[in-house]
Amino acid sequence: MLTCCVSSIRVTASTEAPSVLTESGASMSVDMWSIHRVVVFALAAASSFTPVYAQEFSQSTDPDCHSHDSQRSPHTVKSRWNMSVSNLIQDPDQLRVSCKKLIEAFPVDEVDGNFVRTVKNCIFSKSIPTPLKGPLRLAAVSKDVIEGILDLHVAVTQSEDFLHYASGGRLLLESVPLAHRYGGHQFGYWAGQLGDGRAHLLGQYYNRKGETWELQLKGSGKTPYSRSGDGRAVIRSSVREFLCSEAMHFLGVPTSRAASLIVSEEPVLRDQFYNGNVKTERAVVLRLAKSWFRIGSLEILAQSGEIDLLRKLLNFVTDEHFPSISSSDPDKYLVFFTTVVNETAHLIAQWMSVGFAHGVCNTDNFSLLSITIDYGPFGFMESYNPNFVPSTSDDEGRYSIGAQANAGLFNLEKLLGALTPVLTQKQQKVAKMILKGYVSIYQTRIHQIFKAKLGLLGEEEEDNYLIAFLLKMMEDTQSDFTMTFRQLSEVSDMQLQNRNFTQMWALDDLSLHKHFSEWLNMYLSRVNGQQNDTDLDRQNRMKNINPRYVLRNWMAESAIKKAEMNDFSEVELLHHILSSPFVTQETAEEAGYAARPPLWAQGLKVSCSS
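These numbers were taken from a predicted model, which means no experiment stands behind them.

(A) Quick look at the overall build of the protein chain. When its secondary structure is counted, the protein chain shows 22 helices and 13 strands. Here the protein chain, with 610 residues, has 61% of them falling under the buried criterion. Counting only contacts in the protein chain whose residues sit at least 6 apart along the sequence, the fraction spanning at least 24 positions is 74%. With the model as given, the accessible surface of the protein chain reaches about 23900 Å², and the carbon-plus-sulfur share is 50%.

(B) Examining the environment of Arg 541 more closely. Along the polypeptide, Arg 541 turns up in helix 19 (residues 535-543). Taking C-alpha positions, Arg 541 is 7.8 Å from Ala 452, a pair spaced 89 residues apart along the chain. For Arg 541, the side chain forms a polar contact with the side chain of Asp 533, separated by 2.7 Å.

(C) Main features of the pairing of strand 5 (residues 189-193). As defined by bridge partners, strand 4 (residues 183-186) adjoins strand 5 across three bridges and the pair is classed as antiparallel. Each residue of the ladder has a partner; that of Gln 186, found in strand 5, is Tyr 189. The hairpin formed by strand 4 and strand 5 contains two residues between the paired strands, and Phe 187 there has a positive phi angle of roughly 50 degrees.

(D) Expanded view of the packing of aromatic side chains. Evaluated as defined, the whole model comprises 24 aromatic pairs. Measuring from ring centre to ring centre gives 6.3 Å for Trp 554 and Trp 600, while their planes differ by 90 degrees; the resulting arrangement is edge-to-face. With a gap of 46 residues between them, Trp 554 in helix 20 (residues 553-563) and Trp 600 in the segment after helix 22 (586-590) connect regions that are remote in the sequence. Three or more aromatic residues joined by ring pairs make a cluster, and in this case those are Trp 351, Phe 356, Phe 366, Tyr 375, Phe 378 and Phe 380. Across the ring face of Phe 115, the terminal group of Arg 117 is positioned such that the distance to the ring centre comes to 4.5 Å. In this structure, Arg 294 packs its charged tip against the face of Tyr 182, placed 4.5 Å from the ring centre.

(E) Expanded view of the side chain of Thr 223. Counting through the fold element by element, Thr 223 comes out in the loop between strand 7 (212-218) and helix 7 (235-251). Ignoring any residue separated from it by four or fewer positions in sequence, one finds Thr 223 in contact with Asn 114, Val 116, Ser 127, Ala 179, Asp 196, Gly 197, Ala 199 and His 200.

(F) Main features of the nonpolar core. Core analysis: the biggest nonpolar cluster contains 136 residues, and Leu 298, Phe 336 and Trp 519 have the highest contact counts within it. Residue contributions to this core peak at 13 residues, all from helix 10 (residues 332-353). For Leu 298, the contacting residues outside a window of four places in its chain are Leu 310, Leu 313, Leu 314, Phe 336, Leu 368, Leu 415, Ala 418 and Leu 419. Within the second largest apolar cluster, 27 residues are counted, among which are Val 97, Leu 136, Leu 286 and Leu 288.

(G) Geometry of helix 13 (residues 438-453). Taking 1.5 Å per residue, 16 residues should reach 22 Å; helix 13 reaches 22 Å between its end C-alpha atoms and fits that length. Where helix 13 terminates, the next one or two residues include Gly 455, which has phi positive at roughly 75 degrees.

(H) Local environment of the confidence of the model for the protein chain. Across the protein chain, pLDDT averages 87, with 83% of residues at or above 70. Note on residues 1-10: pLDDT under 50 across the span, and 33 contacts to partners over four residues away in sequence or across chains. Predicted confidence for residues 12-82 stays below pLDDT 50, and this span has 133 contacts to residues more than four positions away or in other chains.

(I) Spatial organisation of the environment of Leu 171. Within the fold, Leu 171 resides in the loop between helix 6 (160-165) and strand 3 (178-180). Distance in space between the C-alpha atoms of Leu 171 and Val 97 is 9.8 Å, their sequence separation being 74 residues.

(J) Spatial organisation of the packing of helix 14 (residues 463-477) against helix 15 (residues 481-490). For the pair helix 14 and helix 15, interaxial distance at closest approach is 11 Å and the crossing angle is 130 degrees. When the axis of helix 14 is compared with that of helix 15, the two are oblique. The chirality of how helix 14 crosses helix 15 is right-handed. Each of Leu 470, Leu 471 and Met 474 in helix 14 lies in contact with helix 15, whose residues at this interface are Phe 481, Thr 484, Phe 485 and Leu 488.

(K) Focus on unusual backbone geometry. One non-glycine residue with positive phi stands out, namely Arg 499, at about 55 degrees. Position of Arg 499 relative to the elements: it lies in the loop between helix 16 (493-498) and helix 17 (505-510). Look at Arg 499 and you get partly exposed, because its relative accessible area is 37%. Located in the positive-phi region is Asn 532, a residue other than glycine, with phi close to 55 degrees. Within the secondary structure layout, Asn 532 lies in the loop between helix 18 (516-528) and helix 19.

(L) Focus on the pattern of salt bridges. Within the structure shown, the criterion is met by 28 salt bridges. Between Glu 564 and Arg 236 there is a salt bridge whose closest N-O contact spans 3.9 Å. Taken together, the residues Glu 564 in the loop between helix 20 and helix 21 (569-578) and Arg 236 in helix 7 connect sequence positions 328 residues apart. For Arg 236, a relative accessible area of 2% corresponds to the buried category. A salt bridge links Arg 486 to Glu 490; its shortest N-O distance comes to 2.8 Å. Placement of the pair is Arg 486 and Glu 490 together in helix 15, with a separation of four residues, close to one helical turn. This pair shows no difference in class: Arg 486 is buried, exactly as Glu 490 is. Through salt bridges with shared partners, a single ionic network connects Lys 218, Glu 241, Arg 287, Arg 294 and Asp 374.

(M) Region of interest: helix 19. Turning to helix 19, its buried residues are Arg 538, Gln 539, Arg 541, Met 542 and Lys 543. Where helix 19 is buried, its residues contact helix 13, helix 15, helix 16 and helix 18.

(N) Structural view of the environment of Ala 431. Its place among the elements puts Ala 431 in helix 12 (residues 425-436). Taking the C-alpha atoms as reference points, Ala 431 and Val 335, 96 residues apart in sequence, are found 9.0 Å from one another. Filtering out sequence-adjacent residues up to four positions away, Ala 431 remains in contact with Leu 334, Phe 337, Leu 416 and Leu 423.

Each value, and the rule that gives it
Residues numbered from 1 in each chain as written. Predicted model: local features only at pLDDT ≥ 70, side-chain atom pairs only at ≥ 80, totals over all residues. Heavy atoms only, no water. Helix = DSSP H or I, 4+ residues; strand = E, 2+ residues; numbered from the N terminus. Buried < 20%, exposed > 50% of the residue type's maximum accessible area, 1.4 Å probe, protein only. Contact = heavy atoms within 4.5 Å. Areas by Shrake-Rupley, 256 points an atom, 1.4 Å probe, with all protein chains shown as cover. Polar contact = N/O pair within 3.5 Å; in protein donor to acceptor, adjacent residues only side chain to side chain. Pairing = 2+ DSSP bridges. Phe/Tyr/Trp six-rings, centres within 6.5 Å; stacked < 30°, edge-to-face > 60°. Lys NZ or Arg CZ within 6 Å of the ring centre and 35° of its normal. Core = buried A, V, L, I, M, F, W, Y, C linked by side-chain atoms within 4.5 Å. Expected span 1.5 Å × (residues − 1). pLDDT = per-residue confidence, 0-100. Axes fitted to C-alpha atoms, helices over the stretch in contact; angles between N-to-C directions. Parallel < 35°, antiparallel > 145°, perpendicular 65-115°, else oblique. Left-handed = near helix turned anticlockwise from the far one by under 90°. Salt bridge = Lys/Arg side-chain N within 4 Å of Asp/Glu carboxyl O.

Structure (structure tokens):
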């Protein structure tokens, strides 16, 4: 019998990492009622698993078969809410944002100007974007964001006014642009003041669904936090951020969103591979999130001893974004921490389920709302490898895909450190017990997700082994992560029994493993024993959770090469296809997006300047 140990779905223990929460540990030295109250909150959140089922698989190869009639997940339905075109804003001048709530809530930097400096005793600095020079061009736009979040008719994006608003050349009515001050631990070490070095918060937009979104420009020029940078962004990194944030949304992973990508003729100097080959490029992304606050937002205040401001920021975040937490609750910061522990574990498990490696899991890149933010040297794993590292900057593999759960644990430890000044001794002890539960929450979520990826119903004793066995075989045979699960979704019971994997290249690779027959017999026995479940039911469930298309680095690279020559046709094509990643599309098949990756894609990595 094969023994499997899959590091990518475990949080490895270390001398510093907390272990799994136990009842005996919880009963020793802290108030039982406090622990029971907060731990139950954590476990309830962990157990309320709702599978992220996406659009139903379309048997048609018509690329438009999924656009309106396909069944969608609750996540997708919510984003594509039905609104009459006549109700959409037709003039970008009518789009109003407000910074009033943020400015009234916090002290603002008393020093004006975009020159680089050390900032104290504030959350934001006022900072005016620097307009792009030269002719502007709309390179990409997300209709889902423009119409579904910003209430704008997509035709508005073709206007000159929109180009200027979305690139920083003109300010929206009532906008007071802000740059956020934060710090962070980078690759395990405190880096001090960081902040929005090339981003400007335009303000909050309250849409007609009652949602509040913060609009931010990335690549819009210098701020007090630019350090030695110029505050600009290149086409390469901007295309990657635009495509991936939207792709992650349609995969069902919590994420910031991207509304548009504007490019200009202004030169921006970048040495992508640090080899002296400097390129001149320029771009601005209009991106959105419910909040851009991150763990580093709290860390900088705790590290600087600005405890009153730390409380003020915590109160704002909990009041605005955690409605279930009562402002009068004496344990509100503890409940907040519990929630972030749960949701961070869930988020990283979702990353793992689609083979996503963030690349730079620093505390300044981890959202307090547990959404994916700051798309830099990310990558989607191709051949299954727990040690997959997408970034050229991570020589030691600290942020390899298999180490992301541990990185999350490290970041949560730093979050607890930042909260310590506002917690009582008793609350600190409870918080440490809560943090020990992270491992169990993450492993439970991973188990649930990978069971769903295999179409398993109910709970059997051997399920963990079945999952680990498969992943070990995939690692040994270097089988493709995305397509192995997708082709298991598409193959019939009869094809599996006959090992008929014609045109199923990933399963064909997997079947070369010497233990494949053993695993296959276990799997068929498990799925065929599921009551009130047909083979077609299994296939449909699995197709709705295993994508056929993800933003592989080689796909992004191909689109970027064209974009750098002012051809954004492949960016548009990828955006369209990745908006329905669970649906087979003729144009995607013709482009080879579900085929075996080209040889030149092997070992493709990106840098923080990418």
